[in-house]
Amino acid sequence: QVQLQESGGGLVQAGGSLRLSCAASGRPSSTYAMGWFRQAPGKDREFVSTIIWIDGSTYYADSVKGRFTISRDSAKNTVYLQMNSLKPKDTAVYYCAARSSPSYHYDTWGQGTQVTVSS
């Protein structure tokens, strides 16, 4: 089983940037894809972005396209989320997740990191 640890959250002004990191341990070779989700207070968890580990293919929610970039460092077993032009609506707990197959079921989750964007 893969374990995930997020870091890099914090407080930033609107228009600013943050970079989130998610380090995978355990059996990273079994990971098919890693992704980011977020959950704002009182809201459902929503998909943000994902990256296919073997070839680096990336996918983004419409709400973050053009502003966020997901990337991976295979040597470090780490995935990143570069967040630019942040908006107050981006405020949420951001979760890193992993799945071991091409299915859309994510079976491993990190503990989350808080991102707060002030207006």
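Details of the structure are given in the entry above.
Residues numbered from 1 in each chain as written. Predicted model: local features only at pLDDT ≥ 70, side-chain atom pairs only at ≥ 80, totals over all residues. Heavy atoms only, no water.

Trainee: Mind showing me how you'd approach the packing of aromatic side chains here?
Mentor: The geometry of two aromatic rings is summed up by the distance between their centres and the angle between their planes. A full pass over the atoms with the stated rule returns four aromatic pairs. A ring pair is formed by phenylalanine 37 and phenylalanine 47, whose centres lie 5.7 Å apart and whose planes are at 75°; its orientation type is edge-to-face. Residue phenylalanine 37 is located in strand β4 (residues 33–39), and its partner phenylalanine 47 is located in strand β5 (residues 46–52); the two are separated by ten residues in the primary sequence. On the basis of relative accessibility, which here comes to 11%, the residue phenylalanine 37 falls in the buried class. Ring geometry for phenylalanine 37 versus tyrosine 106: centroids 5.0 Å apart, planes at 80°, classification edge-to-face. Taken together, the residues phenylalanine 37 in strand β4 and tyrosine 106 in the loop between β9 (92–99) and β10 (108–109) connect sequence positions 69 residues apart. In textbook terms, an aromatic cluster arises when at least three aromatic residues are bridged by ring pairs, as seen for Phe37, Phe47, Tyr106 and Trp109. Against the face of tyrosine 95 rests arginine 45, its NZ or CZ located 4.0 Å from the ring centre. (Phe/Tyr/Trp six-rings, centres within 6.5 Å; stacked < 30°, edge-to-face > 60°. Helix = DSSP H or I, 4+ residues; strand = E, 2+ residues; numbered from the N terminus. Buried < 20%, exposed > 50% of the residue type's maximum accessible area, 1.4 Å probe, protein only. Lys NZ or Arg CZ within 6 Å of the ring centre and 35° of its normal.)

Trainee: Mind showing me how you'd approach the side chain of threonine 91 here?
Mentor: By the element assignment, threonine 91 lies in the loop between β8 (78–83) and β9. With sequence-adjacent residues up to four places away left out, threonine 91 is seen in contact with Ala40, Gln114, Val115, Thr116 and Val117. (Contact = heavy atoms within 4.5 Å.)

Trainee: Would you mind showing me how to read the state of the cysteines here?
Mentor: Under the counting rule described, the total for this entry stands at one disulfide. Each sulfur of the disulfide joining cysteine 22 and cysteine 96 lies 2.0 Å from the other. The sign of the S-S torsion, about -85°, decides the handedness of the disulfide formed by cysteine 22 and cysteine 96: left-handed. Here cysteine 22 is found in strand β3 (residues 18–25), whereas its partner cysteine 96 is found in strand β9, with 74 residues between them in sequence. For cysteine 96, a relative accessible area of 0% puts it in the buried group. (Disulfide = S-S within 2.5 Å.)

Trainee: Hey, could you run me through the pattern of salt bridges in this one?
Mentor: Where charged atoms from two side chains of opposite charge approach closely, those side chains can pair. Inspection of every chain in the model, using the stated rule, returns four salt bridges. Arginine 38 serves as the salt-bridge partner of aspartate 90, at 2.8 Å between the closest nitrogen and oxygen. Of this pair, aspartate 90 sits in the loop between β8 and β9 while arginine 38 sits in strand β4, and the two are 52 residues apart along the sequence. In this pair, the class of aspartate 90 matches that of arginine 38, namely buried. (Salt bridge = Lys/Arg side-chain N within 4 Å of Asp/Glu carboxyl O.)

Trainee: Just checking my understanding: could you explain the sheet that holds β8 for this structure?
Mentor: Sheet strands associate in pairs through backbone hydrogen bonding, adopting either a parallel or an antiparallel arrangement. In space, the four strands of this open sheet follow the order β1-β3-β8-β7, with antiparallel pairing throughout. Because the sheet does not close on itself, it has two edges, and the strands there are β1 (3–7) and β7 (68–73). Sheet twist, expressed as the mean angle between neighbouring strand axes with direction ignored, is 15°. (Pairing = 2+ DSSP bridges. Axes fitted to C-alpha atoms, helices over the stretch in contact; angles between N-to-C directions.)

Trainee: Just checking my understanding: could you explain the nonpolar core for this structure?
Mentor: Across soluble globular proteins, nonpolar side chains show a tendency to be buried alongside one another. Met34, Trp36, Val79, Leu81, Met83 and Tyr94 are the most contacted members of the largest nonpolar core, which has 26 residues in total. Those elements that place two or more of their residues in this core are β3, β4, β5, β7, β8, β9 and β11 (113–118). Leaving out residues up to four positions away in the same chain, tyrosine 94 has contacts with Glu6, Leu20, Trp36, Phe37, Arg38, Val48, Phe68, Leu81, Met83, Gly112, Thr113 and Val115. (Core = buried A, V, L, I, M, F, W, Y, C linked by side-chain atoms within 4.5 Å.)

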